[in-house]
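Observations on the three-dimensional arrangement
In case you want the letters, here they are:
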Amino acid sequence: MDDLSDLYQDIILSHNKHPHNEGDLDPHTGVAEGFNPLCGDRLKVYLRQAEQGKGNVEAVTFTGEGCAISKASASIMTSAVKGLSADEIEAKVEEVVALLTAQDEPEIDLMTMGDLAALAGVRKFPARIKCATLAWHALLAALKDESAVSTEADG
Amino acid sequence: MNIAAVRSDFPILSREVSGKPLVYLDNGATTQKPCAVIDKISRFFEYENSNIHRGVHYLSMDATDQYDRARLRLAEMIHAPDTNEVIFVRGTTEAINLVANSYGERLQEGDEILLTLMEHHANIVPWQMLAERKGLVIRVAGITETGELDLDDFTAKLSEKTKIAAFTQVSNALGTINPVKELTRLAKEKGAMVLVDGAQAVPHLQVDVQDIGCDFYAFSSHKMFGPDGVGVLWGKQEWLNSMPPYQGGGDMIEQVSFAGTTYRGIPERFEAGTPNISGAIGLGAAVDYLNQIGHAEIERYEKELLDYATAAMSEIEGLNIHGRAENKVGVISFTLDGIHPHDIGTILDTEGVAIRAGHHCAQPLMDHLKISGTARASFAFYNTQEEADTLVAAIRKVQKMFA
Ligand SMILES: Cc1ncc(COP(=O)(O)O)c(C=O)c1O
């Protein structure tokens, strides 16, 4: 596959067209908006725990406009983190960021990664990495119910 | 215009990107540089480099002379009545900040500044900062369906309270050419000072500040085939002479003592510190180059190219062009149904086609259009109809991928 079809794999295109868990979440215990000032895209991530900051995440949804990469990444994320604890989610975010920024071809275990593996193609397009991380940063902020986060805040 | 000869003046145009010939359609962001400019700057550093206004030695006098001649070239280009009214700054952004900070001092609480909905952030934020500091009111003139300035709204929002009207001559996001002469006349009738943002006008149009009648005119070298890091603020001397300095330092003073310092006249008063000497000289070379081709010829060629590209793109189903003003420069802002501009930009890039995707530093305009951004193909006189064809083919490829 060439780099472009690596980026826009069928899985990505299909999540873009038919995103999972798109919409508000009512009730929710955390919500945060991720903002990419470079392109003006905004994604809002909602999540529900037993109590704010406590217990495993029961549900995650997102709303907002974004490119195929940010939308697909958000869609994949909502399924990938369901049922996880806050610590597990932090580890998952680290894993995804590592996958997106890997220097060398990352080793991918399709069994454990599932659709997440489709995000690996992004790493050959440095200009697009922030599109893919937007939802994940918003998720971390939503865990702390921190309302807003910008892709430029973490350099 | 001999397009093959013109293209060979710009070495970068013959390179490849992603294994495809580069099709550079991001001229609104910055333009490419002809050999005349590149060579002038290399020669300066290889053979002529020196600081200006300082040395009694040959090199310093020669550099000063070249710097002054560049100023003269720019004054001629915009038909400034006096060469000293041309201030070298870092670019459009700094030019506007200079006026907002220095001229802006005389505004008082409750005074109004009139802007338009199609301004670049560079012509919004400095005024907002001033307004916040001094308790001013910012008013914004709207636009029509086709992306033209709403003249009725502009007129309605002008009043005796309007102390500054600042608007762009050409919209970077829509390509619209504003009737700046008419806008200036309307604003002046109410006694407002007028600043025109010329960043996107100078690469395409013959500009005459006296004909426009404005008080200030700002533009950047890098958008008109010169080097980056330099630009021009032109202002009427009656204003410039009465404005406090913007920055203090060397070169802008007459005499310094701890009891008090006196400032020099224009332009030095507004050029504190060592300026971008090579940049100004390179910009002067860009002006010479443009004169050689001729503005009338550039306008004629670009109009033909714009009409061709607009017609070709209008045939693409699901493609929407934002900005269909009657008077436009070669800027085509577009969206594709169901496909985000960022994805368009990435896929076009793999075809060697460089465009910009995003809000184009015009978020208020994007909010008005109810979109987060557009893809923008912006043309210069070195672009060709074949390149427009490549763009169209690449757009079709995007649609196919997302079908
Ligand atoms: C209309 C307009 N005004 C101002 C600017 C700012 O110019 P610079 O970044 O060179 O200061 C731009 C650049 O994109 C522009 O298009």
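Our subject in this report is the structure included herewith. Predicted model only: the values in this text are computed from it and were never measured. (Residues numbered from 1 in each chain as written. Chains lettered and ligands numbered in written order. Predicted model: local features only at pLDDT ≥ 70, side-chain atom pairs only at ≥ 80, totals over all residues. Heavy atoms only, no water.)

Some details on the packing of helix α2 (residues 35–48) of chain B against helix α3 (residues 58–77) of chain B
When two helices pack together, their arrangement is given by the angle between the helix axes and the distance between those axes. Residues and elements named next belong to chain B. As a reminder of what qualifies: Note on geometry: axes are lines fitted to C-alpha atoms, helical ones only across the stretch in contact, with angles between N-to-C directions running from 0 to 180 degrees. Under the DSSP-based scheme used, a helix requires at least four consecutive residues in state H or I and a strand at least two consecutive residues in state E, with every element numbered from the N terminus. What sets the label is the angle itself: under 35 degrees gives roughly parallel, over 145 gives roughly antiparallel, 65 to 115 gives roughly perpendicular, and the rest give oblique. By convention the crossing between two helices is left-handed if the near helix lies anticlockwise of the far one by an angle smaller than a right angle, and right-handed if it lies clockwise. Here, residues are in contact when the closest pair of their heavy atoms is within 4.5 Å. All amino acids are sorted into three groups, where Ala, Val, Leu, Ile, Met, Phe, Trp, Tyr, Cys and Pro are nonpolar, Asp, Glu, Lys and Arg are charged, and the leftover types, Gly among them, are polar.
It is at 12 Å that the axes of α2 and α3 come closest, and there the two elements cross at 165 degrees. One finds that α2 runs roughly antiparallel with respect to α3. By crossing handedness, the relation of α2 to α3 is classed as left-handed. Contact residues: Lys40, Phe44, Tyr47 and Glu48 in α2; Leu59, Asp62, Ala63 and Gln66 in α3. For the contact of α2 with α3, the residue count by class is 4 nonpolar, 1 polar and 3 charged.

A look at the interface of chain A and chain B
Put simply, the test is: We define buried area as the total accessible area lost by two parts upon association, computed with a 1.4 Å probe and summed across both. Every case where a carboxyl oxygen of Asp or Glu lies within 4 Å of a side-chain nitrogen of Lys or Arg is listed as a salt bridge. Identification of polar contacts relies on pairs of N or O atoms within 3.5 Å, with a donor-acceptor requirement for protein atoms, meaning one able to donate a hydrogen and the other able to accept it, and with residues adjacent in sequence counted only if both atoms are side-chain atoms.
Each side of the interface is counted separately: chain A has 19 residues, and chain B has 14 residues. Roughly 1,300 Å² of surface becomes buried between chain A and chain B when both sides are summed, with 60% attributable to carbon and sulfur atoms. Among the residues of chain A in contact with chain B, Leu4, Tyr8 and Cys39 of chain A are the three that bury the most area, contributing 36% of the side total. Linking chain A with chain B are 1 salt bridge, by the criterion used here. Arginine 128 of chain A is the partner of aspartate 343 of chain B in a salt bridge, and the nearest nitrogen-oxygen pair spans 2.9 Å. The interface formed by chain A and chain B includes 9 residue pairs in polar contact (both at pLDDT 80 or more). Breaking the side of chain A that touches chain B down by element, the ones donating at least two residues are α1 (3–7), α2 (10–17) and α3 (68–80) of chain A.

Concerning the sheet that holds strand β16 (residues 356–358) of chain B
All names here are of chain B. Selection criterion: Pairing between strands is defined by DSSP: at least two bridges between the two strands are required.
Ordered by their spatial adjacency, 4 strands build an open sheet running β13-β14-β17-β16, and the pairing between neighbours is antiparallel. In this open sheet, the two strands that pair with only one neighbour each are β13 (319–322) and β16. Within the sheet, the average angular offset between the axes of one strand and its neighbour, ignoring direction, is 30 degrees. Bridge analysis of β13 against strand β14 (residues 331–336) gives 4 bridges, and the strand direction is antiparallel. Counted as the bridge partner of leucine 319 is leucine 336 from β14. Contacting β13 and β14, helix α11 (residues 295–314) crosses the sheet at an angle of about 10 degrees to β14.

Here's the deal with helix α5 (residues 125–134) of chain B
Residues and elements named next belong to chain B. The following threshold applies: In this scheme, a residue with accessible area under 20% of its type's maximum is buried, one over 50% is exposed, and one in between is partly exposed, where area comes from a 1.4 Å probe on protein chains only. Directions pointing from the helix axis toward each C-beta atom define the arc.
By the burial criterion, the buried members of α5 are Pro126, Trp127, Leu130, Ala131 and Lys134. The arc enclosing the buried residues of α5, seen along the axis, measures out at 135 degrees, which places them on a common side. Opposite the packed face of α5, turned more than 90 degrees from it, sit the exposed residues Met129 and Glu132. Residues of α5 that are buried in the fold lie against α4 (92–102), β5 (112–116), β6 (137–141), β7 (162–168) and β8 (193–197). Looking one or two residues past α5, glycine 135 carries a phi angle of roughly 70 degrees, positive in sign.

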